[in-house]
Amino acid sequence: MKRALIAQLDRASAYGAEGWRFESSWAYHFFFTPQSEDEHFMRLCLRAAGEAARSGEAPIGAAVTVGGELLCATSNLRENIADPLGHAEIRAIATAARLLNRWRLEECTLYVTLEPCLMCSGAILQARVGRVVYGCSDPKAGAVESLYQCLSDPRLNHRPEVTSGVLATDCSKILTDFFRDLRKKKARGSSAPK
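None of these values were measured; they are calculated from a predicted model.

Pulling in residues and values, what's your account of the nonpolar core?
Judged by nonpolar contacts, the single largest core of 41 residues is most densely connected at Met 42, Ile 93, Leu 110 and Val 129. When neighbours within four sequence positions are excluded, Ile 93 is seen to be in contact with Val 64, Leu 105, Leu 110, Ala 123, Ile 124, Ala 127 and Val 129.

Which residues make up the pairing of strand S4 (residues 61-66), and what values go with them?
For S4, the buried fraction is high: 5 of the 6 residues fall into the buried class. In this sheet, strand S5 (residues 69-75) lies alongside S4 in antiparallel orientation, the contact comprising 6 bridges. Counterpart to Thr 65 in the pairing with S5 is Leu 70. Linking two consecutive strands that pair antiparallel, namely S4 and S5, is a turn of 2 residues; a positive phi of about 55° is found at Gly 67 within it. In the sheet, S4 pairs with strand S6 (residues 108-114) via 5 bridges, with the strands oriented antiparallel. Opposite Thr 65, over in S6, you have Thr 109 as the bridge partner.

Can you lay out the environment of Glu 106 for me, pointing to particular residues and giving the numbers?
Among the structural elements, Glu 106 can be located in the loop between helix H3 (88-100) and S6. We classify Glu 106 as partly exposed; its relative accessible area is 41%. For the pair Glu 106 and Arg 128, spaced 22 residues apart in the sequence, the C-alpha separation amounts to 5.3 Å. Setting aside residues no more than four positions away along its own chain, Glu 106 makes contact with Ala 127, Arg 128 and Gly 130. A polar contact is formed between the side chain of Glu 106 and the side chain of Arg 104, at a distance of 3.5 Å.

Talk me through the confidence of the model for the chain; I want residue IDs and the actual numbers.
For the chain, mean pLDDT is 85; residues scoring 70 or higher make up 79% of the total. Across residues 1-30, where pLDDT falls below 50, the model places 51 contacts with residues more than four positions away in sequence or in other chains.

Can you explain unusual backbone geometry? Please cite residues and give values.
Phi at Asn 101 is positive, roughly 60°, even though this residue is not glycine. Along the chain, Asn 101 falls in the loop between H3 and S6. Judged by relative accessible area, which is 70%, Asn 101 ranks as exposed. Although it is not a glycine, Arg 128 adopts a positive phi angle of roughly 60°.

Got a sec to walk through the pattern of salt bridges? Specific residues and values, please.
Enumeration over the complete set of coordinates arrives at 9 salt bridges. Where Arg 131 meets Glu 161, a salt bridge forms, and the shortest distance between an N and an O atom there is 3.4 Å. Here Arg 131, found in strand S7 (residues 131-136), pairs with Glu 161, found in strand S8 (residues 161-164); they are 30 residues apart in sequence, far enough to count as distant. Notably, a salt bridge pairs Arg 155 with Asp 153, separated by 2.6 Å at the nearest N-O pair.

Kindly report on H3, identifying the contributing residues and their values.
Taking 1.5 Å as the rise per residue, H3 with 13 residues should run 18 Å; its terminal C-alpha atoms sit 18 Å apart, in good agreement. When we look at burial in H3, the residues that qualify are Ala 88, Glu 89, Ile 90, Ala 92, Ile 93, Thr 95 and Ala 96. On the buried face of H3, the contacting elements are S4, S5, S6 and helix H4 (118-127).

Let's hear about the environment of Leu 105: which residues, and what values?
Checked against the element boundaries, Leu 105 lands in the loop between H3 and S6. Each residue touching Leu 105, except ones within four places of it in the same chain, is listed here: Ile 93, Ala 96, Ala 97, Leu 100, Ala 127, Arg 128, Val 129 and Gly 130.

Give me the lowdown on the packing of aromatic side chains, citing residues and values where you can.
Taken as a whole and assessed by the stated rule, the structure comprises 2 aromatic pairs. Plain terms: the ring middles of Phe 41 and Tyr 111 are 5.4 Å apart, the flat faces sit at 40° to each other, and that makes the pair tilted. Taken together, the residues span a long stretch of sequence, with Phe 41 in helix H1 (residues 34-54) and Tyr 111 in strand S6 at a distance of 70 residues. In this structure Phe 41 comes out as buried when scored by relative accessible area, which is 3%. The class of Tyr 111 is buried, set by a relative accessible area of 0%.

Conventions used here
- Residues numbered from 1 in each chain as written.
- Predicted model: local features only at pLDDT ≥ 70, side-chain atom pairs only at ≥ 80, totals over all residues.
- Heavy atoms only, no water.
- Core = buried A, V, L, I, M, F, W, Y, C linked by side-chain atoms within 4.5 Å.
- Buried < 20%, exposed > 50% of the residue type's maximum accessible area, 1.4 Å probe, protein only.
- Contact = heavy atoms within 4.5 Å.
- Helix = DSSP H or I, 4+ residues; strand = E, 2+ residues; numbered from the N terminus.
- Pairing = 2+ DSSP bridges.
- Polar contact = N/O pair within 3.5 Å; in protein donor to acceptor, adjacent residues only side chain to side chain.
- pLDDT = per-residue confidence, 0-100.
- Salt bridge = Lys/Arg side-chain N within 4 Å of Asp/Glu carboxyl O.
- Expected span 1.5 Å × (residues − 1).
- Phe/Tyr/Trp six-rings, centres within 6.5 Å; stacked < 30°, edge-to-face > 60°.

Have a look at this one:
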């Protein structure tokens, strides 16, 4: 990872964005190799997934970047807002489109901790997302490589670049731990006397 001096600041607090670090009052932006950049943004997705888990949501996080800069990061909110469309990917795509004031996201990269489902893959195609990076596969609902191959289907007019397996172990573990704990809570609740 290389760094480049980009600005001298009077106050380090003038910048608060992820990816910036301060030494004295000099601001540096880190230029990542493609692999380290993917891991960096996937770690942000994992952080969002952890927040989702703490609020009782399935721990899935997503982020959208443009030119290596974070545009937005979101997580699942399906349970808390009672919305079947509350998947992390859908929320990230909608937020990115709103922030960029356009629906075409060809220059964007979508990062997500879990392989997108059929609904989210459809949204990726409709938004013309240029690149998709995901952590772990979803053998029960994955629509990128597992059950369906929506994003590489030659019959469709858009096919984003796909990178899979980025921090797959970490992404899988947060889901496995969450659902194991959920099953334990349900088992304790069902065995309690009424």
